[in-house]
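The lines below spell out each chain.
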Amino acid sequence: MNGMTDKHREATGFQEQAPYDESIDLRTDFVMVYGLNDTTAQRIARWREAGYRVHLMTGISWGTYQDYLDGRWDGSDHWADAQTTGDGKPILHGQSTDIPYMVPTFSFTEYLVQKLRPIIELGVEGIHLEEPEFWARAGYSESFKREWQAFFKEPWQPPHSSPEAHFRAGQLKQHLLSRSLDRVTSVLRDEALRQGREVRFYVPTHSLLNYTQWQIISPESRLRTLPSIDGAIAQVWTGTSRTPNVYAGQVAERTFETAYLEYGIAQDLTRGTDRRMWFLHDPIEDHPDRTWEDYLANYRRTLIASLLHPGVSRYEVAPWPNRIFNRPHLREGSTERELIPPDTATSYLIAMNSLRDLDQPDVRWDQEGPRIGIALSDTAMFQRWSPGGESGHYDGLQDALALEGREQLHFSDFYGLALPPLFDGQRVAPVQLENVIDTPDALDDVDVLVLSYEFQKPLAPSIHYALAGWVNRGGSLLYVGDGADPYHAIRSWWTGRYDTCADHLAEALGADRDGIQSIGKGRVRFLPVRPADFTESPERAAELVAAIRELAEAGGHTWQSTNWLSVQRGPYLIGAVLDGTQVVEGNYLDLLDPGLGIVRRRELGRGQLTWLRDLTYDEEPLLASAGRVVDWASDEGTITFTCEAPKGVQVITAVRVPSEPVSVSTDHEYDAAAGVLRLRHPGEPSGTRVEIRL
């Protein structure tokens, strides 16, 4: 970990709206100062003084934009630009009364440009425009009706009057959000360059999977095509990932499995480009009434899920550290709220500091079985309504199990395809369908692609020609669908010529619908089943697994069912038990243990997770720490370094030494059997100087 002191890579960061405080100084590479107000410049200056690379973050779809709404900005009332439901009410953010989600009209976009322009002069290195969001239940405001007329060149239709109107409303919402982002970032980038500055623009966004599940439209794959966007933050956390879904007939929260799929699709926002991707973790989540034990357990589920995607090695370690370290929450079995338990704080910080060392070129999977892609398209966001069906609003703060229309929330058409092979222990990842058009290697990491058009549609026939080329080169494609989705009949490029878009897919492949067929060096099978059916029982899940396995084995892959997902990233072993038990043996340091204990044999049960550092992998002396270790120096008889951490936390650092030290400048214990010295001291952002004499 010695080389992890360079901040240029911006491997770890956090966002915070509170002013600088030593208790929330996490010592990451960069900080995203949140929000635009009278204190922004002062907050930016203070975090910079503390040694951070400084970015700014603000919402692009909602925020403290009352001066625009009430006419102070340009003399005109703009409440017609609020996203509006069918009953004429604006959709408000959180518990607010005057912060609506906005329709990104030209005038609102111009307002954002003017509002953000002064930020450039504050010298921030990056600007994060977070959560471009348009609710699926919106689309009734006067401004949206005008945009409909301009875009489709025909009169507005109520979005919930027909599947076609709903799909078109989704297309328009995505277009408006993308147009606004493009304008804001392009103008501000030009402004910065005219001032001789270089500013990078990022979009923190939920995953396509979560936005679809929560019935929200966002740019998603369109971000790859906007020239002034430099990357994204995948906002995946407990609040998104504990949204219930159905597997084997059981409705349940599956935080780890859902997070694993969310991080999987999110990395396609930047995969194959030179743009940056950070994976977000949240040690708390937005729901204020969980317990510290619940927060920690679910944080670890999302943390380990993210680490099982070795293609990404940058992380937002926390939004709102002030909420974590300075706000009381409940404990199990108690009605009293209390501040963060010391061991919990230490555990969070060990993880946050270890994340800087995840850029490891040596990646080894526990099993090298077939890689299974589940195709997911932006258009899934446009289909989250069925005529006569409920469409409950959900944003992570309600009781999802009591929600009206919760069957819609489950998004069983997708999870019916993704969860069965995942619970079989296979390497499953959702794949952004649109990427196959302009990214030639989009499917290079996929051996079997599972595709359905029962909950999404191909926006262009070129998707099918790209898929046909991939199959001809050796890919295996499983198409699942019975053609019953009412959205097959919407006006689009396939209607009038084909009954469903799957008919054009078969034509492009040169395939009929019977059994497994060889196509060039690859193969294809059409399975005439509704994808959600595979959620109904263990037997139905097994049917899908058998169909995928048959294709994989026909392609020469060895299939091994397992209850254990695991990867080794350099010295780090990361794993999760899906079912049953799994024994881990070796010589490891436990990074999920606030005491950094030694593990030589551990039996893990169902749902248990592990993140271990292999002590035999290398001779690196610095093994792990709850602080940021800087100024490391060593010779034959002495090791010195400085350890920086938030004020007041309990810091532990594990160092490999050849023998018991003669003297140590902090509290310590020496584990002779492991050759590990553990050091302890209170956190200080300015650093605690440590000297070890051997």
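Residues numbered from 1 in each chain as written. Predicted model: local features only at pLDDT ≥ 70, side-chain atom pairs only at ≥ 80, totals over all residues. Heavy atoms only, no water.

**Some words on unusual backbone geometry**
Although it is not a glycine, E131 adopts a positive phi angle of roughly 55 degrees. Along the chain, E131 falls in the loop between β4 (126-130) and β5 (134-135). E131 gets classed as buried once you look at its relative accessible area, which sits at 11%. One non-glycine residue, A248, lies in positive phi territory at about 50 degrees. Structurally, A248 can be placed in the loop between β9 (245-247) and β10 (250-252). (Helix = DSSP H or I, 4+ residues; strand = E, 2+ residues; numbered from the N terminus. Buried < 20%, exposed > 50% of the residue type's maximum accessible area, 1.4 Å probe, protein only.)

**A closer look at the packing of helix α3 (residues 106-120) against helix α5 (residues 163-194)**
Orientation of α3 relative to α5, taken along the N-to-C sense of each, is 30 degrees, at an axis distance of 9 Å. If you check the angle between α3 and α5, you find them roughly parallel. As α3 runs across α5, the sense of the crossing is right-handed. Each of F106, T109, E110, L112, V113, L116, R117 and I120 in α3 lies in contact with α5, whose residues at this interface are R179, S180, R183, V184, V187, L188, E191 and A192. Taken together, the residues that form the contact of α3 with α5 break down as nine nonpolar, two polar and five charged. (Axes fitted to C-alpha atoms, helices over the stretch in contact; angles between N-to-C directions. Parallel < 35°, antiparallel > 145°, perpendicular 65-115°, else oblique. Left-handed = near helix turned anticlockwise from the far one by under 90°. Contact = heavy atoms within 4.5 Å. Nonpolar A, V, L, I, M, F, W, Y, C, P; charged D, E, K, R; others polar.)

**Some remarks on the sheet that holds strand β27 (residues 622-625)**
Here we have four strands laid out as an open sheet, ordered β27-β30-β33-β32, and antiparallel in their pairing. The sheet terminates laterally at β27 and β32 (667-671), the two strands that pair on one side only. Neighbour-to-neighbour, the strand axes of this sheet turn through a mean angle of 15 degrees, independent of strand direction. Where β27 lies against strand β30 (residues 650-656), three bridges are found, and the strand directions are antiparallel. Paired with L622 across the strands is V655, a residue of β30. With respect to the sheet, helix α11 (residues 342-354) is in contact with β27 and β30, its orientation differing from that of β30 by roughly 50 degrees. (Pairing = 2+ DSSP bridges.)

**With respect to the nonpolar core**
Judged by nonpolar contacts, the single largest core of 214 residues is most densely connected at L261, F414 and W611. If you tally residues by element for this core, the top one is α5, at eleven residues. The residues touching L261, leaving out its near neighbours within four places in the chain, are L209, F414, Y415, A418, L419, L422, V428 and P430. Residues Y588, V599, L604 and L612 belong to the second largest nonpolar core, which totals eight residues. (Core = buried A, V, L, I, M, F, W, Y, C linked by side-chain atoms within 4.5 Å.)

**Here's the deal with the pairing of strand β23 (residues 572-577)**
The side chains of a regular strand alternate between the sheet's two faces. Burial within β23 is extensive, with six of its six residues counted as buried. Neither face of β23 is exposed, since Y572, I574 and A576 on one face and L573, G575 and V577 on the opposite face are all buried. Joining the antiparallel neighbours strand β22 (residues 564-569) and β23 is a turn of two residues, in which G570 adopts a positive phi near 60 degrees. Relative to strand β26 (residues 609-614), β23 is paired through five bridges, and the arrangement is antiparallel. Its bridge partner being in β26, I574 is matched across the sheet by W611.

**Quick look at the side chain of E154**
Mapped onto the elements of the fold, E154 is located in the loop between α4 (142-152) and α5. One polar contact links E154 to R168, side chain to side chain, over a distance of 3.0 Å. A distance of 3.1 Å separates the side chain of E154 from the side chain of R491, its partner in a polar contact. In this view, E154 contacts W148, Q149, R168 and R491; residues no more than four positions away in its chain are not counted. (Polar contact = N/O pair within 3.5 Å; in protein donor to acceptor, adjacent residues only side chain to side chain.)

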